[in-house]
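Here is what each chain is made of, one letter per residue.
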Amino acid sequence: MPKLNDLSRSLTVLKGDSTLLAVIEMSQSSWLIAGIVPGVERQPLKKLAVDESALLKLLNRWREEAEKAGHRIERIAIAFEAGRDGFWLARWLRARDIEAHVIHASSVAVSREHRRAKTDRLDTELLKRAFLGWLRGERDHCKMVAIPTLAQEDAKRPNRERESLVGEQSRIVNRMKAALARLGIRGFNLKLKKAVERLDGLRTPEGEPIPPNTLAELKRDMERRRLVRSQIRDIEGTRLERLEQALGEGPHVMVRLLARVIGVGVETADMLVQEVLSRNLRDRRAVARYGGLTGAPDESGKKRREKGLARSGNARVRRGMIQLAWRFLMFQKDSALARWFYARTKNAPQTRKTMIVALARKLLITLWRLVREGVIPEGIVLRPAS
């Protein structure tokens, strides 16, 4: 029997008489901490500045109050929603023998009233109810987020920074094209090495040179693009160096194995490994769900329809897998997955966009099995091992 996912419910028995519970509603300027203290009838609520030491003192004070009421505290459990502050507080608390959990914010059910009251105090009450249900082992109260180590968090930064820089590069190029289009200049390749030198010789359809302010703006944008492109090359070069130096490490082994699949580049392989494949996911359904490649059915009475992708998973994985699925059809035409796709869309070409999502889901599960179990998919061609 497969092991239950301990992120959907707690597997530790909750002993209310010896467990101190607390939830935190976090903001940039302050923390609002709500507690449930055994032996204390009131449920304390305390607002603190963003200070982990003050939080620890507050928890110790509540522990003393419980012990004065005749309850010996054996367990302190604290929870807060995932957000801007990341996971540093959970790691800091766990290092001090305090059980810390991070709640997936979208998994907490809220009132569907059009104008519901929403304050930090009400949010802490909501979090307490959800956290208590989770600790009791009941399903569907909330779900917890896996807390990564500092090294695991840091490993995601190069890929995410590169994605941000690529987007910035595209924005710069589009802005330069728009500036030239306003002057009626089209067809000029802004990506050439000597594009800056050729700007002075460009002429508008009226035969006029580029106005001085626009010319200065274009040159500054070209300088920005050159800097961004240099940073992208640095990230890619550093990644390749690390892959060469750390041949036997787990994530790097996965990246090298995925990069052997023809059609999968090092960039895509690194993104998939760091974002999803290195995570300890329960089964193939959990893999597809985390990748945001599951449907969102809308059924009520006789009504049956699909609203499209749930989009509740990792957006980077979803975008990357859909792009990879199209590329996979080009480079792995004889694979079982490609044959399945062509057979399903042969007589219904209008369903190609819908079926590419299904192919992306199957492909993600296939790659997960490849790196986890070493199962080479049928018909997929691999590059020789270097």
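Parameters at a glance
Residues numbered from 1 in each chain as written. Predicted model: local features only at pLDDT ≥ 70, side-chain atom pairs only at ≥ 80, totals over all residues. Heavy atoms only, no water. Core = buried A, V, L, I, M, F, W, Y, C linked by side-chain atoms within 4.5 Å. Buried < 20%, exposed > 50% of the residue type's maximum accessible area, 1.4 Å probe, protein only. Helix = DSSP H or I, 4+ residues; strand = E, 2+ residues; numbered from the N terminus. Polar contact = N/O pair within 3.5 Å; in protein donor to acceptor, adjacent residues only side chain to side chain. Contact = heavy atoms within 4.5 Å. Patch = residues over 30% accessible without salt bridge, like charges linked within 9 Å, V, L, I, M, F, W, Y side chains within 5 Å. Areas by Shrake-Rupley, 256 points an atom, 1.4 Å probe, with all protein chains shown as cover. Salt bridge = Lys/Arg side-chain N within 4 Å of Asp/Glu carboxyl O. Lys, Arg positive; Asp, Glu negative; His and termini not counted. Charge placed at Lys NZ, Arg CZ, Asp CG, Glu CD. Pairing = 2+ DSSP bridges. Axes fitted to C-alpha atoms, helices over the stretch in contact; angles between N-to-C directions.

(A) Fine view of the nonpolar core. By size, the foremost hydrophobic cluster in this structure holds 38 residues, and its most contacted members are Leu-258, Leu-272, Leu-277, Met-321 and Leu-364. Broken down by secondary-structure element, the contributors of at least two residues to this core are α8 (250-259), α9 (266-277), α10 (284-290), α11 (315-331), α12 (336-345) and α13 (352-373). Take this core: its biggest share by element is 11 residues, from α13. With 28 residues, the next largest nonpolar core counts Leu-20, Ile-76, Leu-89 and Val-145 among its residues.

(B) Structural detail: the side chain of Glu-275. Turning to its location among the elements, Glu-275 is positioned in helix α9. Exposure remark for Glu-275: the relative accessible area of 1% places this residue in the buried category. In this structure the side chain of Glu-275 is engaged in a polar contact, spanning 2.9 Å, whose partner is the side chain of Arg-160. Not counting residues within four places of it along the chain, the set of residues in contact with Glu-275 comprises Lys-156, Arg-160, Tyr-290, Asn-314, Arg-316 and Val-317.

(C) Examining a positive patch on the surface more closely. Judged by side-chain charge, Arg-139, Lys-143, Arg-284, Arg-285, Arg-289, Arg-344, Lys-362 and Arg-369 come together as a positively charged surface patch. Listing elements by their share of the positive patch, those giving two or more residues are α10 and α13. The biggest single contributor to the positive patch is α10, with 3 residues. Along the chain, Arg-369 turns up in helix α13.

(D) Fine view of the sheet that holds strand β5 (residues 99-103). Pairing is mixed in the open sheet, where 5 strands are placed in the order β3-β2-β1-β4-β5. Of all the strands in the sheet, the pair left with one neighbour each is β3 (45-49) and β5. Here the strands of the sheet are splayed against their neighbours by 25° on average, with no regard to which way each runs. Relative to β5, strand β4 (residues 75-81) runs parallel, the two sharing 5 bridges. Bridging across to β5, Ala-79 finds its partner in His-101. Sheet strands in contact with helix α1 (residues 52-68) are β1 (19-26), β2 (30-36), β3 and β4, and its direction is about 15° off that of β2. Contacting β1, β2, β3, β4 and β5, helix α3 (residues 120-135) crosses the sheet at an angle of about 140° to β1.

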